[in-house]
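Remarks on the overall topology
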Amino acid sequence: MIDLEDMDDIAAEVADIMGNGNLDLSNLNFSVLQEFPDEVEINVPAVKEEEKTILVATPQLSAPTVTTKQSVPNTYKDLHDSADGWISLSAEDKEALMDQEINQLSDLPLEIGFPGNVDEIMNALEQGTPVPIPVGSDSVQLKLSFYMDKMPHGIVDKQLAGIGATSLEIDSKRNSIIVFPTKILAYNKWQRNKTKLLYVGGKINDERDTTSIKEIQDYLSDDKVVYKKFLVVADSLYKLLQIIEKERYKDYFLMIDEVDMIQSESNYRPRLESLIDHYFEFPPKNRCLVTATMREFSNPRLQQECRFNISWKDAPKRKIQLYYTDNLDALTAQQIQSIDKAEKIVVAFNSIRHCKNIIKLLSEETRKECTIMCSDSSQDEAGDYYGELSSGNKLPNRINFITSCYFAGVDIKDCYHLITVSNAQQNYQMLSLDKMTQIYGRCRITGGILSDIIIFNSREKWNTDTAKDYQSSLLKQASAILRLQQIATELGESDQDLQVLFELVKSGIREKGVINIPKEEAVRLTRRNIFKKDVTAYMNIDYLVERQKLGNTIYDSYNHLEFALKKLGHNVEFQYKYGSIPISEEQKKIETASKDELHAFIDAQLSEMIEDLREITKSRHLTGGEKQELQSKKGCSTFVYRFYQLQEYADADTLISHLWEIRHSDKRAYKNLQNAAVFWALDDKHPFKRDLLRVFKIGRKYKASEIHELMAPLVKYHLHKTIKQRAAVSLLKALFLIERPKTYLIKGKNPARFKKHGSLRIAKTEENLLKYFML
């Protein structure tokens, strides 16, 4: 966390430049229709079922406080295709100008079709008897295509899943680029019409190769496809835009679907936020962000985007069985076993390891009915349980586990019991209310959710000492980081003699410009955008705000989730199961075996990858492109990243051997290896190396307190850091060969046994050692 006395002054200066506050169009004073009466104040006649109807909204705009451009409202022309300048609003020829503004649809009817045997189903649910499969249910809720011909621009809050937003844009009479956060979502939509649509993304198992540049160029030149429709995986958008070229962006409508997933996943998929950089390259009327679970944005430019809110009357409420427990796996297994064996089950749990643990708690016969549906990159980890949706988007097995890539956008056209598991002990497994809504919305059959179970645990509050407005606090810190970096750069450029000093300052700022979260990678508050400029990482801030809010308001107590679900109008039956299911010896063995199995899986992946790595590095360094390719292999990302960082310091064989030894260790082991490699690469005449060799004598013994007393002033002088006793001892052990019977005996140099120097020798004049060593 940053603690700067002049932070308020810096923030005030940034605020003067950027402005502050936001313009939220959802709070405007709209005149809306509550029902569909014959006579209403705005004199819109009764509506017939087959007609497309837009409700007239007359907003009272207030002056925006942010100094970015004011939002551009939607007009009827933006939502409809019309041969002239008018649009018919009713059967009685009431018309409106196509240029008239329409900022939102409000209180739309939601038709819910019930199965013919609904009474039998309800009776079975109430009595706890086997639920019959719904029959004769052909009607579905209304779709957006009933109200408009194409998607609105701006931020579109559709509020409900399955209302056809993606289909609407695919069918629109214009060129479209529709961006999805995962391959599965893009591929799923592409299968709808492979001749008219083009999937742009990576390989999908054996079914679809990575989209080539030639495929994109051939599709663009295909005269048979009048309106180009690109279904793009987030990581592939840059490649497509390079081919289309910026001057033609005005000929396309860019739609980024499931934008809430960018907020949730940008921390461990940093490239996701670059989508927002590309988003603002398109004209205001040629872009939209869409989700059914809209959250607040900290990005001031997004706060200024036109908001198009769609609310539905009589949206269905859920009947939820809610369980609080300290043994998620065992309780989930019990719930699975209690369900009639003739009916299908979906278990939503964002952890393949936990899914496999649950499966192992089931009977041997039941395990044969289990499938894990996850990303294809996790296929090997899921092993024999891996599966995908069957033809017609049916579930592949009776018991189906799904991970996060199936939580949004995927259509499941089947009937099943839903078990949603939220593990608050792990951030990426802790589900927001919106995420639970998305999971529930995957079922595309009316009445298809036969029972609705949520199982959860709790956690201690996180960041309780932070300011009440956590978002403002993080934004202020990010602004301070950027401002300090800018000042350091300007001062360094103005005086060559001070350049090294300010490079040290910038290194220190980068090191401190993160938020540390238990059991996770540190979250950066700034990022490098697509224009190579340091900017605030707004999506990371959104992620931090959401995690803190969830941990401190929903999962900090056993009953807060129940209250939150009831506040949404759901019917919740709560059961307190904490302590009622102790971890059995069998479960302990399963968890131990599961960890061993995971390690064995990672080892197998690494062994295969290392063969390629050794071959590449026989004669040269690993390139950035090769690094990215090797990192894409499951379980190999961290190993490859670490090797890439160290490869210039020492010989590849020794580095690979050490990285293999510490593959399952914590970060401290890697920190020691990096420090050893950096010290090895340091010029023998560098003042820091010479001082260390002068102060610490080979053959002498030192107590921990002595090591700290001798090491601290050297680190303070050369690395400009204060070091504690434990860190001082760790650093010494990384730099020297140490033997420890009782005290620390220095036996020699080069504890890592490096054989050769790498291509980089850190010069004796290098003063910014902080960018090399990890302390």
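So, a few notes on the structure that sits alongside this text. (Residues numbered from 1 in each chain as written. Predicted model: local features only at pLDDT ≥ 70, side-chain atom pairs only at ≥ 80, totals over all residues. Heavy atoms only, no water.)

One can find Gln 335 in helix H11 (residues 328-338). In this view, Gln 335 contacts Tyr 323, Ile 419, Ile 453 and Ile 455; residues no more than four positions away in its chain are not counted. (Helix = DSSP H or I, 4+ residues; strand = E, 2+ residues; numbered from the N terminus. Contact = heavy atoms within 4.5 Å.)

With that out of the way, let us pick up the sheet that holds strand S5 (residues 176-180). Within the open sheet, the 8 strands sit side by side as S3-S10-S4-S9-S8-S5-S7-S6. Their pairing is parallel. A strand with exactly one partner marks an edge of an open sheet, and here the two such strands are strand S3 (105-108) and strand S6 (197-200). Neighbour to neighbour, the strand axes of the sheet diverge by 15 degrees on average, direction disregarded. Inspection of the sheet shows S3 paired to strand S10 (residues 307-312) by 2 bridges, in the parallel sense. Each bridged residue has a counterpart across the sheet, and for Leu 105 the counterpart in S10 is Ile 310. (Pairing = 2+ DSSP bridges. Axes fitted to C-alpha atoms, helices over the stretch in contact; angles between N-to-C directions.)

With that settled, the discussion passes to unusual backbone geometry. One non-glycine residue, Glu 258, lies in positive phi territory at about 50 degrees. Here Glu 258 is to be found in the loop between strand S8 (253-256) and helix H8 (259-265). We classify Glu 258 as buried; its relative accessible area is 5%. At Asn 750, a position not held by glycine, the phi torsion is positive, near 55 degrees. Tracing the backbone shows Asn 750 in the segment after strand S24 (744-749). (Buried < 20%, exposed > 50% of the residue type's maximum accessible area, 1.4 Å probe, protein only.)

Our next topic: the state of the cysteines. One pass over the full model with this rule turns up 0 disulfides. Here Cys 355 is not cross-linked by a disulfide; its sulfur's nearest cysteine counterpart is in Cys 374, at 8.5 Å. Judged by its relative accessible area of 0%, Cys 355 falls in the buried class. (Disulfide = S-S within 2.5 Å.)

Let's shift gears to the nonpolar core. In terms of nonpolar packing, the biggest core is built from 66 residues, with Leu 144, Met 151, Trp 312, Tyr 555 and Leu 561 touching the most fellow members. Per-element accounting of this core gives the leading share, 5 residues, to helix H5 (residues 183-190). When sequence neighbours within four positions are dropped, the list of residues in contact with Tyr 555 reads Ser 422, Ala 424, Met 430, Leu 431, Met 436, Phe 456, Asn 457, Ser 458, Arg 459, Leu 550 and Leu 561. Among the nonpolar cores identified, the runner-up in size contains 56 residues, and Leu 613, Leu 630, Tyr 649 and Ala 752 belong to it. (Core = buried A, V, L, I, M, F, W, Y, C linked by side-chain atoms within 4.5 Å.)

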